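Structure assessment
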Amino acid sequence: FQALLNILLTFFSFEKVCMIKYDNGDELKDEDSIDPAIVKQSLITIQRCISNLLNSKEYTVIIKMLLKVLRDGLPDDFHKELSEERRQYLRALTKCLRETVTVLNEESEDAIRAFDILIEMNRLFKAHPPDALKEGLPSLADFDHVYKCLRLVTDKMIEMQPDKVNDFLRYISQDKVNNQKNSFIRYLVQEMSARHIYN
């Protein structure tokens, strides 16, 4: 699932960049020459494949896999500018994550395992702490978009299963030193406290 999703997103980002170049009237190398009709159809086909893939699993599995792919897809160094292909890759990935989370409601509450999702999110934040983001970075807007999407996921978990969020915070509280440095944990505690549901 994870490998297939990565391949589809990679294909999508490549085709998307080709289409952007064509729409902008940029000169293309001979090997980059494209038929816009074929590229548009290719993009539609890839989007359908991604949609079918995401609809084939339960919500928790989907969200965890998207987070894992995102963790692998983010660069280790935020100071380097993203290529256009990587920018489109992250945009498509966060769109999948946003759309998956947005449709969650009270009826789907039992289909979500917030604890498992928060574990995966914590791994992502440990690997790519947003504290490294500074003004003036060449791809700051792209990274900001990613972390806003992750905040949406976090807020949805708090909204749907606050008890599980508390369970996660109690579980993770054993690592007090790293928790003080972890912006994800700090945000969880802040939001849970503000809603008077942190214990």
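For the structure itself, consult the block above.
Residues numbered from 1 in each chain as written. Predicted model: local features only at pLDDT ≥ 70, side-chain atom pairs only at ≥ 80, totals over all residues. Heavy atoms only, no water.

Each helix and strand counted, the protein has nine helices and zero strands in total. Its helices and strands taken in sequence order, the protein reads α-α-α-α-α-α-α-α-α from the N to the C terminus. Relative to its full complement of 199 residues, the protein shows a buried share of 42%. Intrachain contacts of the protein at a sequence separation of at least 6 include 81% that bridge at least 24 residues. Only carbon and sulfur atoms are counted for the fraction: they give 49% of the accessible area of the protein, which is about 11,200 Å². Charged side chains of the protein number 28 positive and 32 negative; the gap between the two group centres comes to 5 Å. (Helix = DSSP H or I, 4+ residues; strand = E, 2+ residues; numbered from the N terminus. Buried < 20%, exposed > 50% of the residue type's maximum accessible area, 1.4 Å probe, protein only. Contact = heavy atoms within 4.5 Å. Areas by Shrake-Rupley, 256 points an atom, 1.4 Å probe, with all protein chains shown as cover. Lys, Arg positive; Asp, Glu negative; His and termini not counted. Charge placed at Lys NZ, Arg CZ, Asp CG, Glu CD.)

Taken as a whole, this structure holds seven aromatic pairs when the rule is applied. Measuring from centroid to centroid gives 6.1 Å for Phe115 and Phe168, while their planes differ by 80°, and the two rings are edge-to-face. You can see Phe115 sitting in helix α5 (residues 114–127) and its partner Phe168 sitting in helix α7 (residues 162–172), a full 53 residues away along the chain. Relative accessible area serves as the criterion here: at 25%, Phe115 is assigned to the partly exposed category. Phe168 gets classed as buried once you look at its relative accessible area, which sits at 0%. (Phe/Tyr/Trp six-rings, centres within 6.5 Å; stacked < 30°, edge-to-face > 60°.)

In this section: the pattern of salt bridges. This model, assessed by the stated rule, comprises 13 salt bridges. A salt bridge links Arg87 to Asp142, with the shortest nitrogen-to-oxygen separation between them at 2.9 Å. Placement of Arg87 in helix α4 (residues 84–102) and of Asp142 in helix α6 (residues 140–160) is noted, with a sequence separation of 55 residues between them. Per residue, the accessibility class of Arg87 equals that of Asp142, and both read buried. The residue Glu120 makes a salt bridge to Arg123 at a minimum N-O spacing of 3.2 Å. Of this pair, Glu120 and Arg123 both sit in helix α5, separated by three residues, roughly a single helical turn. (Salt bridge = Lys/Arg side-chain N within 4 Å of Asp/Glu carboxyl O.)

Attention now moves to the nonpolar core. Ranked by internal contacts, the top residues of the largest apolar core, which has 56 residues, are Ile63, Leu97, Leu150 and Phe168. For this core, the secondary structure elements donating two or more residues are α1 (2–24), α2 (36–54), α3 (59–73), α4, α5, α6, α7 and α9 (183–194). With 10 residues, the single largest contributor to this core is α6. Setting aside its immediate chain neighbours within four residues, Leu97 contacts Ile63, Leu66, Leu67, Cys149, Leu150 and Val153. (Core = buried A, V, L, I, M, F, W, Y, C linked by side-chain atoms within 4.5 Å.)

One way to put it is that α6 packs onto α9 with a least axis distance of 11 Å and a crossing angle of 40°. Considering their axes alone, α6 and α9 lie oblique with respect to each other. Once α6 is placed against α9, the crossing between them reads as right-handed. Seen from α6, the contacting residues are Arg151, Thr154, Asp155 and Ile158; seen from α9, they are Phe184, Tyr187, Leu188, Glu191 and Met192. (Axes fitted to C-alpha atoms, helices over the stretch in contact; angles between N-to-C directions. Parallel < 35°, antiparallel > 145°, perpendicular 65-115°, else oblique. Left-handed = near helix turned anticlockwise from the far one by under 90°.)

Another aspect to go through is α9. Note that an α-helix has 3.6 residues per turn; residues three or four places apart therefore point the same way. Between the first and last C-alpha of α9 there are 16 Å, a value that for 12 residues agrees with the 16 Å anticipated at 1.5 Å per step. Of all the residues in α9, the buried ones are Ser183, Phe184, Ile185, Leu188, Glu191 and Met192. A side-chain oxygen of the first residue of α9 lies 2.9 Å from the backbone nitrogen of Phe184; this N-cap is Asn182. (Expected span 1.5 Å × (residues − 1). Polar contact = N/O pair within 3.5 Å; in protein donor to acceptor, adjacent residues only side chain to side chain.)

Now for the state of the cysteines. Enumeration according to the criterion identifies zero disulfides in this entry. As a non-bridged cysteine, Cys49 has Cys96 as the owner of its nearest cysteine sulfur, 12 Å distant. In this model Cys149 remains outside any disulfide bridge; the closest cysteine sulfur is found in Cys96, 9.7 Å from its own. Looking at Cys149, the relative accessible area reads 0%, which means it is buried. (Disulfide = S-S within 2.5 Å.)

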